[in-house]
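# Chains, contacts and geometry: an overview
Listed below, chain by chain, are the residues.
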Amino acid sequence: VQLVESGGGLVQPGGSLRLSCAASGFTFSSYAMSWDRQAPGKERELVAVISSAGGSTNYADSVKGRFTISRDNAKNTVYLQMNSLKPEDTAVYYCRVAVGNVRYWGKGTLVTVSS
């Protein structure tokens, strides 16, 4: 299993970013995918999850209405569209998949929200 995140960077408050996660090594279309994040000095937390076919999504309360998770099973890629970013969204963002009893994460992509 390999997960490679991209799309992070520095953005001003109120701005937008789109994160991508390219997956390989497993049957992507068969598994739910998640985005987690870890802010400095804090524990890693779930941000959003999407079902295998993409028909069901769930979000942390802190990002509801601002973030959208989506996937393209033809491209083995999951996305996180982040709008109206706030300084408290600053974190390393990871995509995650659970295959069997094992959870896998990528190396993450850093999002910094600052003026």
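My aim in this report is to walk through the structure given alongside it, one point at a time.

How each quantity is defined
Residues numbered from 1 in each chain as written. Predicted model: local features only at pLDDT ≥ 70, side-chain atom pairs only at ≥ 80, totals over all residues. Heavy atoms only, no water. Helix = DSSP H or I, 4+ residues; strand = E, 2+ residues; numbered from the N terminus. Buried < 20%, exposed > 50% of the residue type's maximum accessible area, 1.4 Å probe, protein only. Pairing = 2+ DSSP bridges. Axes fitted to C-alpha atoms, helices over the stretch in contact; angles between N-to-C directions.

## A look at unusual backbone geometry
Its identity as a non-glycine residue notwithstanding, N76 has a phi of 55°, on the positive side. For S84, which is not glycine, the phi dihedral falls at a positive 50°. Secondary-structure assignment places S84 in the loop between β8 (77-82) and β9 (91-99). For S84, a relative accessible area of 40% puts it in the partly exposed group.

## Describing the sheet that holds strand β3 (residues 17-24)
Backbone-to-backbone hydrogen bonds join strands into a sheet, with any given pair of strands oriented parallel or antiparallel. Strands sit in the order β1-β3-β8-β7 across an open sheet of 4 strands; the sheet is antiparallel. Of all strands in the sheet, those bounded by a partner on one side alone are β1 (2-6) and β7 (67-72). Neighbouring strand axes in the sheet, compared pairwise and without regard to direction, differ in orientation by 15° on average. Pairing analysis gives 6 bridges linking β3 to β8, with the strands arranged antiparallel. Note on β8: the bridge partner recorded for S20 is Y79.

Fair warning: the whole summary comes from geometry, so function is off the table for now.
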